[in-house]
Structure formats: C-alpha cells, structure tokens
Amino acid sequence: AQSVTQLGSHVSVSEGALVLLRCNYSSSVPPYLFWYVQYPNQGLQLLLKYTSAATLVKGINGFEAEFKKSETSFHLTKPSAHMSDAAEYFCAVSDSGGYQKVTFGIGTKLQVIP
Amino acid sequence: EADIYQTPRYLVIGTGKKITLECSQTMGHDKMYWYQQDPGMELHLIHYSYGVNSTEKGDLSSESTVSRIRTEHFPLTLESARPSHTSQYLCASKATTGNTGELFFGEGSRLTVL
C-alpha cells in the first residue's frame, strides 16, 4: 500500500520569499514521486518527478524537490515566490512496478501575498 | 505538450438527465483514467482502462460508466444525474512503455447537477 501526506492544506508566502511545500510518502516498493500543479479551472500539470536517478530534482518554473529516503519525504521548494505561483500543488506517489498505481495527496493551496 | 481534451468544460443540468463527458487524447496512450476531484480532498480514481475494450472501476465507487472502443477516446456517462454527482471530473492518460508513471491530464469537466 502507498500513501501521501501533504502538511498544510493552505500556505501563504510573501512575493520573493521562499516557498516550501511538504510531502511525506509511504510505499512498500521503491517509489516514483511527482509534484503536479493545478491553476484555477484547469487540469493538473507535471512540475517535476523523481524516478530513482538524482535525488535533487529540478522542475519547471524554478521549482525543485529533494528525495530523502531516510525521511520518506519529497518536499517542494522555490527560492523566491512569484505571484504567478499561486495555485494548488499535489504530491503523488507511484510504485515502480508494472501497474504503477498513482496515489495523490489532498493538495496544498499556495497563496502569494504582494 | 500533452494533447488530451475534455468536453464540455462546464455543464449545468437538472436531476435525472443523462450526460456524457468526453475525453480524447492524441498521444496514442493505452492507459486512460477518470478522476473525481472535490475541494479539500485528494483526487479519487473512479475508472481506468488499459486499452481498447478494457475498463475497470477505480478506488472510489461511482455510478458512472465508461467505454473504450477506440484507443484515443474514453467517455464517461451518467445515466441519471443527481446533485451528489456535482464535482470536477479529470481525464488523464499515461504511456504504456518507456514511462515512469507520469500522468497527462485534460483541463477537466466541471459538472453541476441542480
């Protein structure tokens, strides 16, 4: 079984401040991990993914995430928030086997304050 | 850029009506999915398909049905809509080979049943 926990359903940061969105996972097999972003009235778009290569993964729009096996974490960061980063962010885990069932977290809504 | 399309984007209908949400993808993906998304909750998988003539129910019980007659097309049907069906429905697809579990999403169909 696998699961995802996103700490904080709402996060507010000032424009230019560090963005940190937390994600912890559980998986019985080596996982693939993802961050998706959803802008209002749109579907989900892949930000970045971890697939057992480098533990520090860089994505689009200046976001990155670090896979820490010992902490079962995959937190998303961005050094300087921009107004356009306001959106909902979903962490997801997939097993690395053939079935690749994907389990999503409940999402974190990021507000950027000018 | 992903090529997966959902229509209609928004639909408001009365109780008891039959509705079909369309989903088409031009990437040749074998695997397709329907998720239900409600505010503050994780995405719930309601249907999936691994190819033509293959359909399965997902983790969340749903009164909707799906069909997969063509690789590129995966419509979802509600025979008799009720207010409890009000939700956002997201269609997604995934490549079968050479992939790491990444899902490509459509922009969603927001259904309101009065």
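Throughout what follows, the structure given in this document is the object of discussion. (Residues numbered from 1 in each chain as written. Chains lettered and ligands numbered in written order. Predicted model: local features only at pLDDT ≥ 70, side-chain atom pairs only at ≥ 80, totals over all residues. Heavy atoms only, no water.)

## Describing the interface of chain A and chain B
By a frequent convention, interface size equals the accessible area lost on bringing the separate parts together.
Part 1 of the reasoning: Opposite the 21 residues of chain A that make contact, chain B presents 24 residues.
Part 2 of the reasoning: Between chain A and chain B the total buried area reaches about 1900 Å² when both faces are included, carbon and sulfur atoms providing 46% of it.
Part 3 of the reasoning: At the boundary of chain A and chain B, one finds one salt bridge.
Part 4 of the reasoning: Of the charged contacts, one joins lysine 49 of chain A and glutamate 102 of chain B as a salt bridge, the two residues approaching to 3.3 Å between their closest N and O atoms.
Part 5 of the reasoning: Run the count over chain A and chain B and you get five residue pairs in polar contact (both at pLDDT 80 or more).
Part 6 of the reasoning: Every element with two or more residues in the side of chain A that touches chain B is listed here: β4 (31-38), β5 (44-50), β9 (87-95) and β10 (102-104) of chain A.
Part 7 of the reasoning: Looking at the side of chain A that touches chain B element by element, the count peaks at four residues for β4 of chain A.
Part 8 of the reasoning: When its residues are assigned to classes, the side of chain A that touches chain B shows ten nonpolar, nine polar and two charged. (Contact = heavy atoms within 4.5 Å. Buried area = accessible area lost by both parts, 1.4 Å probe. Salt bridge = Lys/Arg side-chain N within 4 Å of Asp/Glu carboxyl O. Polar contact = N/O pair within 3.5 Å; in protein donor to acceptor, adjacent residues only side chain to side chain. Helix = DSSP H or I, 4+ residues; strand = E, 2+ residues; numbered from the N terminus. Nonpolar A, V, L, I, M, F, W, Y, C, P; charged D, E, K, R; others polar.)

## Things to note about the sheet that holds strand β3 (residues 19-25) of chain B
All names here are of chain B.
Part 1 of the reasoning: Ordered in space as β1-β3-β8-β7, the four strands form an open sheet in which the pairing is antiparallel. With one partner strand each, in any of the chains shown, β1 (4-7) and β7 (65-66) form the two edges of the open sheet.
Part 2 of the reasoning: Both β7 and strand β8 (residues 76-78) contribute to a ladder of two bridges, which runs antiparallel. Following the sheet pairing, valine 66 is matched in β8 by leucine 76. (Pairing = 2+ DSSP bridges.)

No statement about biological role is implied by the geometric values presented.
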